[in-house]
Structure formats: structure tokens, C-alpha cells
Amino acid sequence: MPYAEVSVSQNLINEEEKSIIAEGLTKILLKYEGLVDNPISRSIALLEIKEFDGLYVGGEKDKHDKAVIKVYIFADAINEEIKKKLFSEITKLFISVSDKVKAQNGRNVWCITIPLHEFDFAAGGIPVSLEMTRKLVSSYKK
């Protein structure tokens, strides 16, 4: 159940760059939840990419372009070391796609993890765990 909310300044990335980020971020999220990259995994990997007109920093509208990525991930899939790697890979992805991010060496990419504990997530009214998700996606046969 990889899910991420990606909020970007209106002028940070264009539509083509959004597509590249969506593909790359999907692969990163699947990897860090330990899910094989197959059609079932991709069918439950959700990204919401929104643009914002203004981000307020210190009570004032910020003049710099930014990206804020909130990653909802099963708590039992991550630890402090994995979070560091996740943050690094997401930032590197944005640097590789956006000249505005590259110019700031990724300092304008902010990542947040929101851990989901066992059964904090439900689909169709049924509570879901990481173990259940891994079993489901690994059962895929071509």
C-alpha cells in the first residue's frame, strides 16, 4: 500500500517531469515496502501530485520553489537507516529531474514519513497489514 502526497510549487516541475517523478517514486515506494514490482503492486501504489501557489515559511509567503513529499508507509517496513536511504533516493530523483532542485542541491525537497502501524490502513473496509500486502502482491503469476 505505498502512498505518497507530493506537493510542489507551481513552477518547480512541468508535466513531463511529473510523469518521470511519478514513475521513479512508485519504484522507490515499492522497493522500501519490500513489494515486487508487478501489476498488482502498481495497482495499489498511489501518488497524489498537487501544485500549490504559496508555501508559508516563518509566517511569510516563501519566494522559493519547493517540493514536500509525505510518504505513508507501514511502520514495520522502515527503521531510521531505511528512512535515510528513502529520503536520499527521493531527493536524488527530484535532483535528476528538475534543474530548480538541482540548483539548490535538493535543499528545496522536504520529505516526511508517516508510519502506518498494523491495521491503520483499510481497503474496502478491511484492515490491511504489510504482511497481507506482501502476500497478495507476491501471488501474482504472469
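Each remark here, short or long, concerns the structure printed above.
Residues numbered from 1 in each chain as written. Predicted model: local features only at pLDDT ≥ 70, side-chain atom pairs only at ≥ 80, totals over all residues. Heavy atoms only, no water.

> Help me understand the overall build of the protein in this model?
Of regular secondary structure, the protein possesses 5 helices and 8 strands. Secondary structure elements of the protein occur, N-terminal to C-terminal, as β-α-α-β-β-β-β-α-α-β-β-β-α. Here the C-alpha radius of gyration of the protein, 16 Å, is about what a compact globule of 142 residues would show, namely 14 Å. In terms of overall dimensions, the protein has a C-alpha envelope of 45 × 35 × 30 Å along the principal axes. Sorting the 142 residues of the protein into buried and exposed places 41% on the buried side. In the protein, once contacts between residues fewer than 6 apart in sequence are set aside, the share between residues at least 24 apart is 77%. Total accessible area on the protein stands at roughly 8,200 Å², and carbon and sulfur atoms take up 53% of it. (Helix = DSSP H or I, 4+ residues; strand = E, 2+ residues; numbered from the N terminus. Rg over C-alpha atoms; globule rule 2.2 N^0.38 Å. Buried < 20%, exposed > 50% of the residue type's maximum accessible area, 1.4 Å probe, protein only. Contact = heavy atoms within 4.5 Å. Areas by Shrake-Rupley, 256 points an atom, 1.4 Å probe, with all protein chains shown as cover.)

> Just to check I follow, could you spell out the packing of helix H1 (residues 15-32) against helix H3 (residues 80-97) for this structure?
What describes two packed helices is the angle between their axes and the distance between those same axes. Taken N-terminus to C-terminus, the directions of H1 and H3 make an angle of 165 degrees; their axes are 10 Å apart at the nearest point. In terms of orientation, H1 and H3 fall into the roughly antiparallel class. As for the relative orientation of H1 and H3, their crossing is right-handed in sense. Only Ile82, Lys85, Leu86, Glu89, Ile90, Leu93, Phe94 and Val97 of H3 make contact with H1, whose side of the interface consists of Glu17, Ile20, Ile21, Gly24, Leu25, Ile28, Lys31 and Tyr32. (Axes fitted to C-alpha atoms, helices over the stretch in contact; angles between N-to-C directions. Parallel < 35°, antiparallel > 145°, perpendicular 65-115°, else oblique. Left-handed = near helix turned anticlockwise from the far one by under 90°.)

> Quick question: what am I supposed to make of the nonpolar core here?
Taken as a class, soluble globular proteins show a tendency for nonpolar side chains to be buried jointly. If you look at the biggest cluster of nonpolar residues, it comprises 30 residues, and the most contacted ones within it are Leu25, Ile69, Val71, Ile90 and Phe94. Elements represented by at least two residues in this core include exactly strand S1 (3-9), H1, strand S5 (67-74), H3 and strand S6 (109-116). Excluding residues that lie within four positions of it along the chain, Ile69 makes contacts with Glu5, Val6, Leu25, Ile90, Phe94, Val109, Trp110, Cys111 and Ile112. (Core = buried A, V, L, I, M, F, W, Y, C linked by side-chain atoms within 4.5 Å.)

> Honestly, the packing of aromatic side chains in this entry has me stumped. Any pointers?
One pair of aromatic rings is described through two measures. These are the centre distance and the angle between the planes. Under the counting rule described, the total for this entry stands at 1 aromatic pair. Arranged with centres 5.3 Å apart and planes meeting at 45 degrees, the rings of Tyr3 and Tyr72 form a pair that is tilted. One end of the pair, Tyr3, is in strand S1; the other, Tyr72, is in strand S5, with 69 residues separating them in the sequence. (Phe/Tyr/Trp six-rings, centres within 6.5 Å; stacked < 30°, edge-to-face > 60°.)

> Got a minute to help me understand the environment of Leu136 in this structure?
Along the chain, Leu136 turns up in helix H5 (residues 130-138). Along the chain, Leu136 and Ala77 lie 59 residues apart, while their C-alpha atoms are 16 Å from each other.

> What's the story with a nonpolar patch on the surface in this structure? I'm lost.
Together, Phe119, Ile126 and Met132 make up an exposed nonpolar region whose accessible area comes to about 290 Å². Tracing the backbone shows Met132 in helix H5. Given a relative accessible area of 39%, Met132 falls into the partly exposed group. (Patch = residues over 30% accessible without salt bridge, like charges linked within 9 Å, V, L, I, M, F, W, Y side chains within 5 Å. Salt bridge = Lys/Arg side-chain N within 4 Å of Asp/Glu carboxyl O.)

> Just checking my understanding: could you explain H1 for this structure?
Owing to its 3.6 residues per turn, the α-helix aligns residues three or four sequence positions apart on the same side. Between the first and last C-alpha of H1 there are 26 Å, a value that for 18 residues agrees with the 26 Å anticipated at 1.5 Å per step. Three or more residues of H1 are buried, namely Glu17, Lys18, Ile21, Gly24, Leu25, Thr26, Ile28, Leu29, Leu30 and Tyr32. Tucked inside the fold, the buried residues of H1 contact S1, helix H2 (39-43), strand S2 (46-52), S5 and H3. Its side-chain oxygen at 3.1 Å from the backbone nitrogen of Glu16, Asn14 defines the N-terminal cap of H1. Within two residues after H1, Gly34 carries a phi angle of roughly 70 degrees, on the positive side. (Expected span 1.5 Å × (residues − 1). Polar contact = N/O pair within 3.5 Å; in protein donor to acceptor, adjacent residues only side chain to side chain.)

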